[in-house]
Amino acid sequence: MKLYKNKDGVIIQNGDSYYFVRSNWDDFVNDDNLFDKVTEITKQANPVNNGLEIISKDSSAPVGLQELWACGVTYFRSKQGRQEESQKAGSADFYQHVYEAERPEIFFKAAANRIVGHKEKVRIRKDSTWDVPEPELTLLITSNQKIVGYTIGNDMSSRSIEGENPLYLPQAKTYDKCAAIGPCIYVTNDPLPAETQIDLKIRRENKVIFEDTVAISQIKRSFDELAAFLYRECTFPYGSLLMTGTGIVPSSAFTLQSGDEIQIMIDNIGTLINEVE
Ligand code: DO4
Ligand code: MG
């Protein structure tokens, strides 16, 4: 089942049926029994017949008061990409160490005001010369540290700024419209299948100029492990969103440009599309 954040409430999609619930997003999603609650609603409420129309007109990024955090170097390809970009600065070893260490890399990415939704524009920094999207499976975690849903995330990143010095990470990662999430939260009680694919396509002037795919089975750490580190010394009264890291990094010659269209597809969740402003 899928949840869309609507200006007046929550839209539930169950197959071809849509249900509208007038509710505050944060109260609705921060629920350890989210799947059961949503299942119950779909059994008792009457479906609306203009669900698709409401979603396309009035939906926004599925985030309210949740902080968005992100994990790094959780896939081998990410470790390799960072090592390439940081070689000149002499900081490639940091990435090797964090890939192998017990403690993962986790950083604060953004609050809702810097996050955009499906079909909204993401940005590249004006002081950056080398930029990429990072397509990432993103977890919805409740206040009690329970993973109750999944969405698609794009962790927009400046490789020139992070590559110059890893201490510049917050500037490489966090700026206005630096993250896209959506289009919905996929709610399930079961773990995602290991063969779940994350697929990235980048189009320039309607031509695909980059395309790659990774399965979530390639991740080095479990989602529960990442959530447990995030919650070690932080409380999240409204729950949180956690990007789980990228397994796709374009070759060093590639950089995003204004006008590029970024399309990320994750099995069972859907497709997130954003143009670069
Ligand atoms: O080490 C920097 C960030 C890495 C990252 O965002 C990722 O691996 O997805
Ligand atoms: Mg990332």
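Basis of the calculations
Residues numbered from 1 in each chain as written. Chains lettered and ligands numbered in written order. Predicted model: local features only at pLDDT ≥ 70, side-chain atom pairs only at ≥ 80, totals over all residues. Core = buried A, V, L, I, M, F, W, Y, C linked by C-beta atoms within 7 Å. Buried ≥ 20, exposed ≤ 12 C-beta atoms within 10 Å, placed from the backbone. Helix = DSSP H or I, 4+ residues; strand = E, 2+ residues; numbered from the N terminus. Domains from an automatic or database assignment. Contact = placed C-beta atoms within 7 Å. Near = placed C-beta within 6 Å. Nonpolar A, V, L, I, M, F, W, Y, C, P; charged D, E, K, R; others polar. Axes fitted to C-alpha atoms, helices over the stretch in contact; angles between N-to-C directions. Parallel < 35°, antiparallel > 145°, perpendicular 65-115°, else oblique. Left-handed = near helix turned anticlockwise from the far one by under 90°. Pairing = 2+ DSSP bridges.

A. Examining the nonpolar core more closely. Membership of the largest hydrophobic core comes to 65 residues, with the highest contact counts inside it found for L3, I115, L139, L140, A179, I181 and L242. If you tally residues by element for this core, the top one is strand β12 (residues 179-187), at 6 residues. Looking at this core, you find at least three residues from each of domain 1 (2-60) and domain 2 (67-275). Beyond its immediate chain neighbours, meaning those up to four positions away, L140 contacts V29, V148, G149, Y150, T151, I185, G239 and L241.

B. Molecular detail of the site of ligand 1. As a matter of local geometry, ligand 1 sits amid 13 residues, with G72, S78, E134, G245 and T246 nearest to it. Those elements giving two or more residues to the shell around ligand 1 turn out to be β5 (67-72) and α4 (76-86). For the shell around ligand 1, the residue count by class is 3 nonpolar, 5 polar and 5 charged.

C. Molecular detail of the packing of α4 against helix α5 (residues 92-100). Two elements in contact, α4 and α5, have axes separated by 7 Å at closest approach and are oriented at 165°. Judged on the interaxial angle alone, α5 and α4 are roughly antiparallel. With respect to the hand of their crossing, α4 and α5 are arranged in right-handed fashion. Note on element contacts: α5 touches α4 through A92, Y95, Q96 and Y99, opposite K79, R82, Q83 and S86. Of the residues assigned to the contact of α4 with α5, the class counts are 3 nonpolar, 3 polar and 2 charged.

D. Representation of the environment of G90 within the structure. Positionally, G90 belongs in the loop between α4 and α5. According to the C-beta neighbour criterion, G90 is exposed, with 9 such atoms within 10 Å. Separated by 178 residues in the primary sequence, G90 and N268 have C-alpha atoms spaced 41 Å apart.

E. Here's a closer look at the sheet that holds strand β13 (residues 197-204). Ordered in space as β14-β13-β16-β17, the 4 strands form an open sheet in which the pairing is antiparallel. Edge strands, defined here as strands with exactly one partner in the open sheet, are β14 (207-215) and β17 (270-275). Across the sheet, the axes of successive neighbouring strands diverge by a mean angle of 15°, strand direction being ignored. Alignment of β13 against β14, held across 8 bridges, turns out to be antiparallel. Bridge assignment links D199 to a residue of β14, and that residue is T213.

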